[in-house]
Amino acid sequence: MTSDKKLATELEAREVAEHAREEHWEQRSFARSLFEGSPHFGLVFPHPTPDPEEQKRAAEFLKRLEAFAAEHIDGDAVDRDGWVPQEVLDGLAALGAFGIKIPVEYGGLGFSQLTYVRALAIVGSRCSSTGAFLSAHQSIGVPGPLLKFGTEEQKERYLPKLAKGALSAFALTEKDVGSDPANMSTTAVLSPDGSHWILNGEKLWTTNGPRAEIIVVMARTPAPEGTRRKPITAFIVETDWPGVEVAHRCSFMGLRGLSNGILRFTNVRVPRENLLWDEGKGLKLALITLNTGRLALPAFCAAAGKLSLDMLRDWSAHRVQWGRAIGKHDAVAQKLGGMAADTFAMESLVELIASMADSGRFDIRLEAAIAKLWGSETGWSLVSEAVQVRGGRGYETHDSLEARGETAYPVERWLRDMRINMIFEGSSEIMRLFIAREAVDMHLRVAGDLVNPKAPAGAKVSALVRAALHYAWWYPTRFLGWGFWPKHASFGRLATHVRFVERASRRLARATFHAMVRFGPALEKRQAVLGRLVDIGADLFVMSATIARARMLANRGEGTTALELADLHCRRARRRIKERFRALLANDDRATHVVANRFLDGDLRWLERGVVPLDEYRSRAVPTEAAVRAREPVAAG
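Remember, predicted model here, so these are calculated numbers, not experimental data.

A. How the structure looks around the pattern of salt bridges. Under the counting rule described, the total for this entry stands at 38 salt bridges. Notably, a salt bridge pairs Arg118 with Glu351, separated by 2.9 Å at the nearest N-O pair. Here Glu351 lies in helix α12 (residues 330-359) and Arg118 lies in helix α6 (residues 113-126), a separation of 233 residues in the sequence. Classification of Arg118 as partly exposed rests on a relative accessible area of 29%. Across the pair Arg437 and Asp441 runs a salt bridge, and its minimum N-O distance is 3.2 Å. For the pair shown, Arg437 and Asp441 are each scored as buried. By sharing partners, the salt bridges in this structure join Arg32, Glu36, Arg437, Asp441 and Arg445 into a single network.

Following this line, the structure appears as structure tokens:
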């Protein structure tokens, strides 16, 4: 349902997003170097090592957490009841699980990002809904932005409560605001005496919101003098304040124990000192927080991969069809081998980026976005394949299997829980656009004014000269370089894959440049092309992460099978990459887009005949003028 308010134009939406992104790269990014065609392997080879003392201390915590999860967290009961018991949350709080990354001086455990994602994997392996409480609280809830941007007074006031289990949430999404924040309607206005802000609005899909005590709320604040753009600002809000109410509790196909709903704010008085960071920096705060916050989802996905392997190791070895265990049939064996390699790759991805985050030496905005994109899509594929191998028992529910005496693996629940990962915290489509924007940042810095419709003629001439000088050097160097034997021979059996990453990185940089020249300003609308470029870069990064971890394990004497897994993953990734390079020029994009426009114009309504239409669902919703217009045919283009 679309509201009938005037929505932001495409240009206005782009300006809001561009204003919020981090403009500078203060630290190095390995993923960025891949897209630019000059991979800095020294950033990931050797694999960053965690602090041994912290890891020793963390091992005790993770052991206690695993024991608690095994004994007290029942994901099947949570799915059935649609509720995570308060005693479970209290037990996790008693362990310190709500303050894993909060420093000890504020009452937390003071552990690393690496320990945090390992803890999420443990809890998520028992119940995704319970895991979501922890991640929504610490990854995108109050502790993360408060630690980065809060004042000392704010930290002293709130962090001890949060560490002890005061649940937090992050309120950004609205009815007309998903990935595009330009349409935000929640407002905060300073009171006449300047002592507090008056908050009004409604937030949708606030995870943890209905049970949270402290939340970060994004709101429009008045436009600065001389401008028309109302900036987005972050506020710390306590849910027991007058005017804060839960307007609706949402329920979903998966994560049925999730606490999620619509929060309404009516003349809420927010003390002036509860403004978080600076006025107008709310959206930037959110994006920076998500750089590490996005690592929670691939951690859950890696856990789902591990559970799938655990289940199929038993099932595929003991289920006999046509005289052999099903795992011995090549059709199933191909799935099992690929699943094992992808699970190893996903864990490698999570552990590498978590270690990079802990080191403080990297800008991981691209790495985290790739982890979210690749991890969520691969995790879905892993669990979907697990259902397929399990057969009819994969589609049957846990309760039904258990009632008739079967081993009741809850893979049907895993599948439902996994589906959301490709949607929230940035859908796959938005992640590809985000990664593409960051990947071409160097090109836009050099030649951005050439494609900027608002740039004056003088700026365009300067950009043309600057681009000519830059690309006269840059473009030939994307061809130069030795990426063949014996380079990288120290990597042993994985050396051929490192050499491929180097060659493919240069080719990716050239292909990106060719696409910019070919499509010009229209490239941002050729999202299928951008998606292929992004997916190539993502696979190259995941290959590198997998090689780094396999090599680290091999150097410890633990990695014979890790090398096999890394080799298989890289072989499969290389095939995908080669196919995507081919598809940059040979594809069906235009024909597909023509059909899509036919569909939107209403020319394909005949295709919908022969079924009972969905009019009854539309008739139940509250009609608005905009909703009626949205269902009418629109003009092509």
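B. Fine view of the environment of Pro160. Mapped onto the fold, Pro160 is located in helix α9 (residues 152-164). The sequence separation of Pro160 and Pro143 amounts to 17 residues, and the corresponding C-alpha distance is 10.0 Å. When near neighbours in sequence (up to four residues on either side) are disregarded, Pro160 contacts Tyr106 and Lys155.

C. Quick peek at the packing of helix α19 (residues 457-477) against helix α20 (residues 495-519). In contact at an axis separation of 9 Å, α19 and α20 are set at 135° when each is read in the N-to-C sense. As the angle between them shows, α19 and α20 are arranged oblique. Here Tyr471, Trp474, Tyr475 and Thr477 of α19 come into contact with α20, specifically with Arg506, Ala509, Arg510, Phe513 and His514. Partitioning the contact of α19 with α20 into residue classes produces 5 nonpolar, 2 polar and 2 charged.

D. How the structure looks around the pairing of strand β4 (residues 214-220). In terms of burial, β4 is largely enclosed, as 7 of its 7 residues are buried. Here β4 shows two buried faces, one formed by Ile214, Val216, Met218 and Arg220 and the other by Ile215, Val217 and Ala219. Alignment of strand β1 (residues 168-171) against β4, held across 4 bridges, turns out to be parallel. Considered in β4, the bridge of Phe170 is made with Val216. As paired strands, β4 and strand β5 (residues 232-238) are joined by 7 bridges and run antiparallel to one another.

E. Expanded view of the nonpolar core. One finds Phe61, Leu65, Leu92, Ile435, Leu540 and Phe541 to be the most contacted residues of the largest nonpolar core, which totals 119 residues. Ranked by the residues each element gives to this core, the list is headed by helix α21 (residues 527-555), at 15 residues. Not counting residues up to four positions away in its chain, the partners in contact with Ile435 are Phe35, Leu366, Ala369, Ile370, Leu373 and Val534. With 45 residues, the next largest nonpolar core counts Leu199, Ala212, Ile236 and Phe265 among its residues.

F. Fine view of α21. Under the 1.5 Å per step criterion, the end-to-end length of α21 is 42 Å for 29 residues, consistent within 8% with the ideal 42 Å. Among the 29 residues in α21, 24 count as buried, and that is most of the element. Where α21 ends, the next residue or the one after it, Gly557, has phi of about 80°, a positive value.

G. Fine view of the environment of Gly96. Position of Gly96 relative to the elements: it lies in the loop between α5 (86-95) and α6. Assessed through its relative accessible area of 10%, Gly96 is described here as buried. For the pair formed by Gly96 and Ile215, sequence separation is 119 residues and the distance between their alpha carbons is 20 Å.

H. A look at helix α3 (residues 52-72). The terminal C-alpha atoms of α3, which comprises 21 residues, lie 30 Å apart, in line with the 30 Å expected from a rise of 1.5 Å per residue. All of the buried residues along α3 are Glu54, Gln55, Ala58, Phe61, Leu62, Leu65, Phe68 and Ala69. The secondary structure elements touched by the buried residues of α3 are α5 and α6. The distance from a side-chain oxygen at the start of α3 to the backbone nitrogen of Glu53 is 3.2 Å, and the residue carrying that oxygen is Asp51.

I. Looking closely at a nonpolar patch on the surface. Together, Leu450, Val451 and Leu464 make up an exposed nonpolar region whose accessible area comes to about 230 Å². Along the chain, the position of Val451 falls in helix α18 (residues 441-451). Using a relative accessible area of 35% as the deciding quantity, one classes Val451 as partly exposed.

J. Main features of the pairing of strand β2 (residues 187-190). Note that β2 and strand β3 (residues 196-207) share 4 bridges and pair antiparallel. Of the residues in β3, the one forming a bridge with Thr187 is Asn200.

Rules used in this analysis
- Residues numbered from 1 in each chain as written.
- Predicted model: local features only at pLDDT ≥ 70, side-chain atom pairs only at ≥ 80, totals over all residues.
- Heavy atoms only, no water.
- Salt bridge = Lys/Arg side-chain N within 4 Å of Asp/Glu carboxyl O.
- Helix = DSSP H or I, 4+ residues; strand = E, 2+ residues; numbered from the N terminus.
- Buried < 20%, exposed > 50% of the residue type's maximum accessible area, 1.4 Å probe, protein only.
- Contact = heavy atoms within 4.5 Å.
- Axes fitted to C-alpha atoms, helices over the stretch in contact; angles between N-to-C directions.
- Parallel < 35°, antiparallel > 145°, perpendicular 65-115°, else oblique.
- Nonpolar A, V, L, I, M, F, W, Y, C, P; charged D, E, K, R; others polar.
- Pairing = 2+ DSSP bridges.
- Core = buried A, V, L, I, M, F, W, Y, C linked by side-chain atoms within 4.5 Å.
- Expected span 1.5 Å × (residues − 1).
- Polar contact = N/O pair within 3.5 Å; in protein donor to acceptor, adjacent residues only side chain to side chain.
- Patch = residues over 30% accessible without salt bridge, like charges linked within 9 Å, V, L, I, M, F, W, Y side chains within 5 Å.
- Areas by Shrake-Rupley, 256 points an atom, 1.4 Å probe, with all protein chains shown as cover.

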